[in-house]
Amino acid sequence: MSSLLSIKNLGVNFDTPRGSLEAVRGVDIEIPAGTSVGVVGESGSGKTVMCRAAMGLLQGSNVQRTGTVVFDGNELTAMTKEQVRDLFGSGMAMIFQDPMTALNPVRRIGSQISEGLRVRLGMSKKDALVRSKELLELVRIPNPTAVLKSFPYQLSGGMRQRVMIAIAIACNPKLLFADEPTTALDVTVQAQILQLLRELREDLKMSMVLVTHDLGVVAGNTDYVAVMYAGEVVEYAPTTKLFADMRMPYTEALLESIPKIDHKSGTRLSVIAGRLPNPTDRGVGCGFAPRCKYAQEKCHTQHPELQKDPDGHLYRCWFPIGEAL
Amino acid sequence: MLKISFWLKRIAQLLIVLLLVTFGVSLLLRLIPVDLATVLLPVGTENERDILRAELGFDKGPIGYYLQWLGNFVQGDFGKIYFSGGTEDVSAHLADAMPRSLLLMAYTQVIAIAIAVPLGVVSAYRAGRRADKIISNTLFTLSSVPNFAIALLLVIFVGVKFAWLPTLGYVPLSDGVWEHLKHMIMPVISLSLGLIATYTRLLRADMIAALREDYVTMAASKGLSDQRILWRHVLRPSSLTLLTSAALSMGGLIGGAIVIESLFATYGVGFEVFAAIAGRQYVALQSTVAVIALFYVFFNLVVDIASGFVDPRTRDRRVNA
Ligand SMILES: Nc1ncnc2c1ncn2[C@@H]1O[C@H](COP(=O)(O)OP(=O)(O)O)[C@@H](O)[C@H]1O
Ligand code: SF4
Ligand SMILES: [Mg+2]
């Protein structure tokens, strides 16, 4: 199957006062056309930076990106900023974690949706507003005419997220990056938004990168999963395969940390004990070693290479689960 | 309705500020350890002074005096300036000086903002790069030169050496727009350079902060050009500090431009303040300061209204205010 997006050996470094911060390193990800790929990992593992780097959205003079990104036959990493920009909207689009901060606070919803239509598709102001209203209907916003005239702060979190989705799908993108689209929302709204994304993906034939820190979100919504830890992909497999035959101790720890809704509050395990390694000084061994219950001598001294099972299942571990020692 | 009550509250607040300021000035006047009637009428008879004392309320306590002054003031009687030969109305002086000061202030603000906004946008966009460094260093240097020094340089070169512009006097608009403007150019330049530096710095800082916001990345992901993002998405939410600072400087430009007004002989309100102090015209001083405070408060109100248009969130916060 041909890849819509192909990321090879992607690395992102930030120059910080505390030294060089390696937020993403050596990431390879393929997004086959028509699929949904989940990117999972704890907060701080580099998911957002990876997505933004893929689209070329990281700003600032302290950012260094290495590796290649090919989207739909275009090698983004070899193109100018202006050339890449021409692919935004109808090629790639992104929705962001926090719909409050990702919508411009001082501009009306109508102008924020129609702007992309006018700039990217050359629509007239009137046509763009008509289309904006249709888009609001498409993301199931009640009373779209009133919402067009509203400011973001006048809407609820769920409504804002729907508006952001409307903006992202406005020009019918082939690939949608959804960066934690439900993290800022409460549970019932989360389910609605995920349902909406599923439907839109089918109707518009979009591929999707679904970023989340919650393996539970990935389960029914993705075809493949890439698990990220400390800036690296540490496991990659078809979603069903991943849940059926998990190889990476970190992924297992993530799964065990999913809050169980039926548990009484207070008994849920919501985080993995210990912390991510210091991103400015990653050390030599496996970054998960201090927190890993399978860790052995070797884990602390040698960085594990990516291993590949015959079926294509990738993982980065010296002592993967399910292997005779 | 909620909004109306907000504005009523705001206006009431400002009125209280005005009353406190004018009462403070009035009180200070009474604390000066001199006999005010003697100061105003040094050559008159004691009888004439007694009449003046009664007329101005010097014979009353501080509160009685203030109330009498306030009563006159709100009726448009700002008191008199006393000469050996007679008196002149303060209101006539202000009617002459106020348009000069208001126009000088307005031109200065328009020029300062018109220049500072593009400079602020460019230096925020190129923060830390060459263009930003050039702009910041140039403005810093210019702002450390006092405005009278700039005025003197302008007079020497533009006015005298090349004789491009008149160096002295004020020509009202009614005597010809070009003549009027010609006399205003140098005072406006002298006053605006410092403001340009301040405004640019404020806008730059706010824009740099706004450029880190998610909504900027979001705008970029829509495929908008940097230009469009800067001007349509970042400038507006970043301009509230600039606006507030502009409001604060208006009062200063009206009442505090004494040096520039004297240098170029445009004689506005600042000069009236100076003349009242120098001539010990305490009643005139009190009324002039009150008028300046009035304008100050008025401009604050204007900026309150303007910020509602710049950032709608401030409008709704008022409902809960
Ligand atoms: N602009 C930046 N400058 C410096 N460090 C950054 C910047 N953006 C992100 N980082 C760092 O990169 C790492 C990965 O962050 P991020 O991709 O946001 O994680 P995630 O999305 O998985 O929660 C973090 O250590 C974060 O502090
Ligand atoms: S390499 Fe070692 S420490 Fe790292 S995940 Fe595997 S077992 Fe755990
Ligand atoms: Mg993130």
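Just so it is clear, the model here is predicted, and its values are computed rather than measured.

J.: I keep staring at the pattern of salt bridges and nothing clicks. Help me out?
T.: Note on pairing: side chains with opposite charge can pair once their charged atoms come close. Under the defined criterion, the tally for this structure stands at 30 salt bridges over all chains. Notably, a salt bridge pairs A:Glu30 with A:Lys8, separated by 3.4 Å at the nearest N-O pair. Here A:Lys8 lies in strand 1 (residues 3–16) and A:Glu30 lies in strand 2 (residues 19–32), a separation of 22 residues in the sequence. Residue A:Lys8 is classed as partly exposed on the basis of its relative accessible area, which comes to 43%. The salt bridge involving A:Arg247 is made with A:Asp309; its shortest N-O contact spans 2.6 Å. Of this pair, A:Arg247 sits in the loop between helix 9 (239–244) and helix 10 (249–256) while A:Asp309 sits in the loop between strand 11 (307–308) and strand 12 (314–315), and the two are 62 residues apart along the sequence. Accessibility assignment for this pair places A:Arg247 and A:Asp309 in one class, buried. One network of salt bridges, with partners in common, ties together B:Asp35, B:Glu46, B:Arg49, B:Asp50 and B:Arg53.

J.: It is not clear to me how the layout of surface pockets should be interpreted in this structure. Could you clarify?
T.: Empty space among the atoms becomes apparent when a probe as large as a water molecule is rolled across them. Considering only enclosed or pocket space, the largest pocket measures out at about 870 Å³ in volume. Together, 24 residues line the largest pocket, and A:Gln59, A:Gly60, A:Ser61, B:Leu211 and B:Arg212 are the ones closest to its centre. Among the secondary structure elements, those contributing two or more residues to the lining of the largest pocket are helix 5 (90–125), helix 8 (177–211), helix 9 (214–221) and helix 10 (226–234) of chain B. Among the residues forming the lining of the largest pocket, the class breakdown is 12 nonpolar, 5 polar and 7 charged.

J.: Quick question: what am I supposed to make of helix 9 of chain B here?
T.: Count 3.6 residues to each turn of an α-helix, and residues three or four apart come out pointing the same way. Burial analysis of helix 9 of chain B places 7 of its 8 residues in the buried class, which makes it a mostly covered element. The complete set of buried residues in helix 9 of chain B reads B:Tyr215, B:Val216, B:Thr217, B:Met218, B:Ala219, B:Ala220 and B:Ser221. On its buried side, helix 9 of chain B packs onto helix 1 (47–55), strand 6 (92–95) and helix 6 (157–169) of chain A together with helix 8 and helix 10 of chain B. At the exit of helix 9 of chain B stands B:Gly223, carrying a positive phi of roughly 90 degrees.

J.: Sorry if this is basic, but what is going on with the site of ligand 2 here?
T.: Taken together, A:Met248, A:Pro249, A:Cys286, A:Phe288, A:Ala289, A:Cys292, A:Tyr294, A:Ala295, A:Cys299, A:Cys317 and A:Trp318 make up the full set of residues adjacent to ligand 2. In terms of residue class, the shell around ligand 2 is made up of 11 nonpolar, no polar and no charged.

J.: I tried to follow the packing of aromatic side chains on my own but got confused; where do I start?
T.: Given two aromatic rings, their pairing is described by the distance between the two centres and the angle made by the two planes. Residues and elements named next belong to chain A. The final tally for this structure, using the stated rule, is 16 aromatic pairs over all chains. Taking 5.3 Å as the distance between ring centres and 80 degrees as the angle between the ring planes, the aromatic pair formed by Tyr229 and Phe288 counts as edge-to-face. Taken together, the positions of Tyr229 in strand 9 (residues 224–229) and Phe288 in the loop between helix 10 and helix 11 (297–301) put the pair 59 residues apart, joining distant regions of the chain. Across the pair, exposure class does not vary: Tyr229 and Phe288 are buried alike.

J.: Would you mind showing me how to read the domain arrangement of chain A here?
T.: For interface size, the figure often reported is the accessible area lost on association. All names here are of chain A. According to the domain assignment, chain A contains domain 1 (3–91 + 171–315) and domain 2 (105–170). Once you take the C-alpha centre of each, domain 1 and domain 2 turn out to be 28 Å apart. Summing the contributions of domain 1 and of domain 2, the shared interface buries around 1,300 Å²; its carbon and sulfur component is 66%. Taken as a group, Cys171, Leu196 and Leu200 account for 39% of the area that domain 1 buries against domain 2, more than any other trio of residues on that side. The interface formed by domain 1 and domain 2 includes 2 salt bridges. Salt-bridge contacts for Glu199 lead to Arg140; the nearest nitrogen and oxygen are separated by 2.4 Å. In this structure, the connection of domain 1 to domain 2 is made through 9 residue pairs in polar contact (both at pLDDT 80 or more). Counting residues per element, the side of domain 1 that touches domain 2 draws most heavily on helix 7 (residues 187–204), which supplies 8 residues.

J.: Help me out: how do you make sense of the sheet that holds strand 2 of chain A in this one?
T.: What links the strands of a sheet is backbone hydrogen bonding, and the strands pair in either a parallel or an antiparallel sense. Residues and elements named next belong to chain A. In space, the 4 strands of this open sheet follow the order 2-1-4-5, with antiparallel pairing throughout. Each edge of the open sheet is held by one strand with a lone partner, namely strand 2 and strand 5 (74–75). Helix-sheet contacts for helix 1 involve strand 1, strand 2 and strand 4 (63–71), and the interaxial angle to strand 1 is about 115 degrees.

J.: Would you mind showing me how to read a nonpolar patch on the surface here?
T.: Residue and element names in this part refer to chain B. Nonpolar side chains collect at one region of the surface, where Phe148, Leu152, Leu153, Ile156, Phe157, Phe162, Trp164 and Val259 lie side by side and expose about 810 Å² of accessible area between them. It is helix 7 (residues 147–161) that provides the largest number of residues to the nonpolar patch, a total of 5 residues. Looking at the element boundaries, Trp164 is found in the loop between helix 7 and helix 8.

J.: Explain the nonpolar core here, please?
T.: Side chains of a nonpolar character, in soluble globular proteins, are inclined to be buried together. Judged by nonpolar contacts, the single largest core of 154 residues is most densely connected at A:Met50 and A:Phe177. Sort the elements by how many residues they give to this core and helix 8 of chain B lands first, with 13 residues. There are two domains that each give this core at least three residues, and those are domain 1 (3–91 + 171–315) and domain 2 (105–170) of chain A. In contact with A:Phe177, other than residues within four places in its own chain, are A:Leu5, A:Cys51, A:Ala54, A:Met55, A:Met92, A:Ala93, A:Met94, A:Ile95 and A:Val209. In terms of nonpolar packing, the next biggest core, distinct from the first, is built from 23 residues, A:Val225, A:Tyr229, A:Met248 and A:Leu254 among them.

J.: Looking at this model, I keep getting lost on the site of ligand 1. Mind explaining?
T.: Residues and elements named next belong to chain A. As a structural note, the neighbourhood of ligand 1 is formed by Phe14, Leu21, Ala23, Glu42, Ser43, Gly44, Ser45, Gly46, Lys47, Thr48, Val49 and Pro279. One nitrogen or oxygen atom from the main chain of Gly46 is found 3.0 Å from an oxygen atom belonging to ligand 1. Here Thr48 contributes a side-chain N or O atom positioned 2.6 Å from an oxygen atom of ligand 1. The protein chains hide 66% of the 560 Å² of surface that ligand 1 would expose on its own. Elements with a contribution of two residues or more to the shell around ligand 1: strand 2 and helix 1. For the shell around ligand 1, the element with the highest residue contribution is helix 1, accounting for 3 residues. Of the residues in the shell around ligand 1, the class split is 5 nonpolar, 5 polar and 2 charged.

J.: What is the right way to look at the interface of chain A and chain B in this model?
T.: Counting residues at the interface gives 28 residues for chain A, matched by 22 residues for chain B. For the pairing of chain A and chain B, the buried interface totals around 2,400 Å² over both sides, and the portion due to carbon and sulfur atoms is 56%. If you sort the residues of chain A by the area they bury against chain B, A:Val106, A:Glu115 and A:Tyr153 come out on top, with a joint share of 23%. Linking chain A to chain B there are 5 salt bridges. A:Lys81 is the salt-bridge partner of B:Asp226, the closest N and O atoms lying 2.8 Å from each other. Of all the secondary structure elements, the ones that give two or more residues to the side of chain A that touches chain B are helix 1, helix 2 (81–85), strand 6, helix 3 (109–121) and helix 6 of chain A. With 4 residues, helix 3 of chain A is the single largest residue contributor to the side of chain A that touches chain B. Tallied by class, residues from the side of chain A that touches chain B come to 15 nonpolar, 7 polar and 6 charged.

J.: Before we go on, may I ask you to explain the sheet that holds strand 12 of chain A in this structure?
T.: Residue and element names in this part refer to chain A. Judged by pairing direction, the sheet is mixed, and its 8 strands sit side by side in the order 6-7-8-3-9-10-12-11 without closing on themselves. Among the strands making up the open sheet, the edge pair consists of strand 6 and strand 11. One ladder, built from 5 bridges, connects strand 7 (residues 175–179) with strand 8 (residues 207–212); its direction is parallel. What sits directly across from Leu175, in strand 8, is Ser207. Along the sheet, helix 1 contacts strand 3 (36–40), strand 6, strand 7, strand 8 and strand 9; its crossing angle with strand 6, the most-contacted strand, is approximately 155 degrees.

Definitions and limits used
- Residues numbered from 1 in each chain as written.
- Chains lettered and ligands numbered in written order.
- Predicted model: local features only at pLDDT ≥ 70, side-chain atom pairs only at ≥ 80, totals over all residues.
- Heavy atoms only, no water.
- Salt bridge = Lys/Arg side-chain N within 4 Å of Asp/Glu carboxyl O.
- Helix = DSSP H or I, 4+ residues; strand = E, 2+ residues; numbered from the N terminus.
- Buried < 20%, exposed > 50% of the residue type's maximum accessible area, 1.4 Å probe, protein only.
- 1 Å grid on protein atoms, 1.4 Å probe; cavity = no way out; pocket = protein on both sides within 12 Å on 5 of 7 lines; lining within 4 Å.
- Points joined across faces, edges and corners; volume = space filled by probe spheres on them.
- Nonpolar A, V, L, I, M, F, W, Y, C, P; charged D, E, K, R; others polar.
- Contact = heavy atoms within 4.5 Å.
- Near = heavy atom within 4 Å.
- Phe/Tyr/Trp six-rings, centres within 6.5 Å; stacked < 30°, edge-to-face > 60°.
- Domains from an automatic or database assignment.
- Buried area = accessible area lost by both parts, 1.4 Å probe.
- Polar contact = N/O pair within 3.5 Å; in protein donor to acceptor, adjacent residues only side chain to side chain.
- Pairing = 2+ DSSP bridges.
- Axes fitted to C-alpha atoms, helices over the stretch in contact; angles between N-to-C directions.
- Patch = residues over 30% accessible without salt bridge, like charges linked within 9 Å, V, L, I, M, F, W, Y side chains within 5 Å.
- Areas by Shrake-Rupley, 256 points an atom, 1.4 Å probe, with all protein chains shown as cover.
- Core = buried A, V, L, I, M, F, W, Y, C linked by side-chain atoms within 4.5 Å.

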